[in-house]
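In case you want the letters, here they are:
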Amino acid sequence: MTSPALAVTTLGRFAVVRAGVPVEAQAWTREKAVALFHFFLAERRRAWHKEQLIEQLWPQQDAATGARDFKVALNALAKTLEPERPPRTASRYIERSGATYRLRTEALWIDADAFEAAVRAGHQALGPDPAQARVHYAEAEALYQGPFLPGRPFEDWAGAERERLQTMALTALTTLADLWLPERPREALRVASEVVRLEPTWEAAYRTQMRAQVALGNRPLALRAYERCADALARVYDTDPLPQTQALYVEIQRP
């Protein structure tokens with residue numbers, strides 16, 4: 001199977017590689033073209049009517065201005081993604097059906113989709129083959145380099161996908177840390193610490209940190225992990241750790 005001609009990075013940063021060559025920032029001649037592509041990436045599982053796209057991206061514009069800007073943005077996007085495409089030929093990456101458009105995800109590689117596939121493979125292998133599950137979760141960890149489209153911090157359409165993928169990452173990496181715990185507690189500690197870095201209130205990762213520190217003979221550091229957990233939860237949510245986290249803390253305190 002040949003590699004897709006277009007590879008898109010969305011996790012931690014936005015980057016496009018076309019035929020093995022990075023697309024430089026100056027190639028994106030219009031910010032609206034970037035915004036349109038970002039929207040297609042965030043909503044890559046469905047098709048959108050032109051009027052819906054305009055409403056989502058440029059809701060303050062009147063119909064005529066919105067239609068004009070959409071046409072300009074779409075043309076600029078197509079030119080950036082496919083500079084060699086002959087005029088009046090269909091785009092390889094943006095499918096049009098009447099006034100409806102969608103991103104043809106099957107024609108390109110997107111890191112977010114590869115990440116999600118790795119997580120799903122890990123979940124499927126978790127029961128029958130934990131060692132293989134570790135392989136898939138480790139692949140997911142390598143792909144998840146940060147939040148989805150971090151340059152779009154305020155758009156709701158990007159935020160929903162960002163939250164979904166981050167929750168998936170936190171769950172998968174916590175599971176990976178727990179899988180490492182019996183054999184390699186230091187690796188379990190590393191992965192759990194990465195989860196806490198991504199989300200300081202992810203309580204399950206603190207419990208893994210505590211167990212890993214105990215396994216490494218660092219009981220004071222295990223107790224310190226609980227204190228960091230309690231501090232984060234109090235600061236962000238004004239709440240205490242869950243009963244199972246408190247019970248683990250008490251257990252570790254015992255001589």
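The following refers to the structure shown. None of the values given here were measured: they were computed from a predicted structure. (Residues numbered from 1 in each chain as written. Predicted model: local features only at pLDDT ≥ 70, side-chain atom pairs only at ≥ 80, totals over all residues. Heavy atoms only, no water.)

On a plain count of helices and strands, the protein comes out with ten helices and seven strands. With the C-alpha coordinates of the protein rotated into their principal frame, the extents come out at 75 × 45 × 30 Å. The proportion of buried residues among the 255 residues of the protein is 45%. When the accessible area of the protein is evaluated, it comes to approximately 13,700 Å², of which 52% is carbon and sulfur surface. Side chains of the protein carry 33 positive and 32 negative charges; the gap between the two charge centres is 5 Å. (Helix = DSSP H or I, 4+ residues; strand = E, 2+ residues; numbered from the N terminus. Buried < 20%, exposed > 50% of the residue type's maximum accessible area, 1.4 Å probe, protein only. Areas by Shrake-Rupley, 256 points an atom, 1.4 Å probe, with all protein chains shown as cover. Lys, Arg positive; Asp, Glu negative; His and termini not counted. Charge placed at Lys NZ, Arg CZ, Asp CG, Glu CD.)

This part is about the environment of Leu108. On the secondary structure map, Leu108 appears in the loop between strand S6 (100–103) and strand S7 (109–110). Spatially, the C-alpha atoms of Leu108 and Met210 are 42 Å apart, while their sequence positions differ by 102 residues.

Okay, the environment of Ala19 next. Mapped onto the elements, Ala19 comes out in the loop between strand S2 (15–18) and strand S3 (21–22). Ala19 sits 15 residues away from Pro4 along the chain, and the two C-alpha atoms are 8.0 Å apart.

The next thing to look at is the pattern of salt bridges. Summed over the entire model, instances satisfying the criterion amount to 21 salt bridges. Glu95 is paired through a salt bridge with Arg104; the nearest N and O atoms lie 3.9 Å apart. For Glu95, a relative accessible area of 32% corresponds to the partly exposed category. One salt bridge connects Glu183 with Arg134, and the closest N-O pair in it is separated by 3.6 Å. Of this pair, Glu183 sits in the loop between helix H6 (156–180) and helix H7 (185–198) while Arg134 is found in helix H5 (residues 130–143), placing the two residues 49 residues apart along the sequence. Given a relative accessible area of 13%, Arg134 falls into the buried group. (Salt bridge = Lys/Arg side-chain N within 4 Å of Asp/Glu carboxyl O.)

As a further point, take the sheet that holds S3. Strand order in the open sheet formed by four strands is S3-S2-S1-S7, and the pairing between neighbours is mixed. Either end of the sheet is taken by a strand with one partner, and the two such strands are S3 and S7. Pairing between S2 and S3: two bridges, direction antiparallel. In the strand pairing of S3, Val17 is matched with Pro22. (Pairing = 2+ DSSP bridges.)

For helix H9 (residues 219–237), built from 19 residues, the straight-helix expectation of 27 Å at 1.5 Å per residue is met to within 8% by its first-to-last C-alpha distance of 27 Å. Looking at H9, one finds that the buried residues are Ala222, Leu223, Ala225, Tyr226, Cys229, Ala230, Ala232 and Leu233. (Expected span 1.5 Å × (residues − 1).)

Time to look at the packing of helix H4 (residues 111–126) against H6. Their axes nearest at 11 Å, the elements H4 and H6 cross at an angle of 40°. Looking at the two axes, H4 sits oblique to H6. Regarding H4 and H6, the two cross each other, and that crossing is left-handed. Judged by residue contacts, Ala112, Phe115, Glu116, Val119 and Leu126 of H4 engage Arg164, Leu165, Met168, Ala169, Ala172, Thr175 and Leu179 from H6. The class makeup of the residues in the contact of H4 with H6 is nine nonpolar, one polar and two charged. (Axes fitted to C-alpha atoms, helices over the stretch in contact; angles between N-to-C directions. Parallel < 35°, antiparallel > 145°, perpendicular 65-115°, else oblique. Left-handed = near helix turned anticlockwise from the far one by under 90°. Contact = heavy atoms within 4.5 Å. Nonpolar A, V, L, I, M, F, W, Y, C, P; charged D, E, K, R; others polar.)

Glancing now at the side chain of Gln213. Relative to the elements of secondary structure, Gln213 occurs in helix H8 (residues 203–215). Contact partners of Gln213, with chain neighbours within four places excluded, come to Leu189, Asn218, Arg219, Leu221 and Ala222.

Okay, the nonpolar core next. By size, the foremost hydrophobic cluster in this structure holds 72 residues, and its most contacted members are Phe37, Leu77 and Phe115. It is H6 that contributes the most residues to this core, twelve residues altogether. Formed by nine residues, the second largest nonpolar core is a distinct cluster that contains Ala222, Ala230, Tyr249 and Ile252. (Core = buried A, V, L, I, M, F, W, Y, C linked by side-chain atoms within 4.5 Å.)

The sheet contact formed by strand S1 (residues 6–9) and S2 spans four bridges and is antiparallel. Residue pairing across strands places Val8 opposite Val16, the latter belonging to S2. The loop that links S1 with its antiparallel partner S2 comprises five residues; one of these, Gly12, has a positive phi angle of about 90°. Linking S2 to S3, which pair antiparallel, is a turn of two residues; within it Ala19 sits at a positive phi near 50°.

So, to be careful, I would describe these as geometric facts and stop short of saying anything about function.
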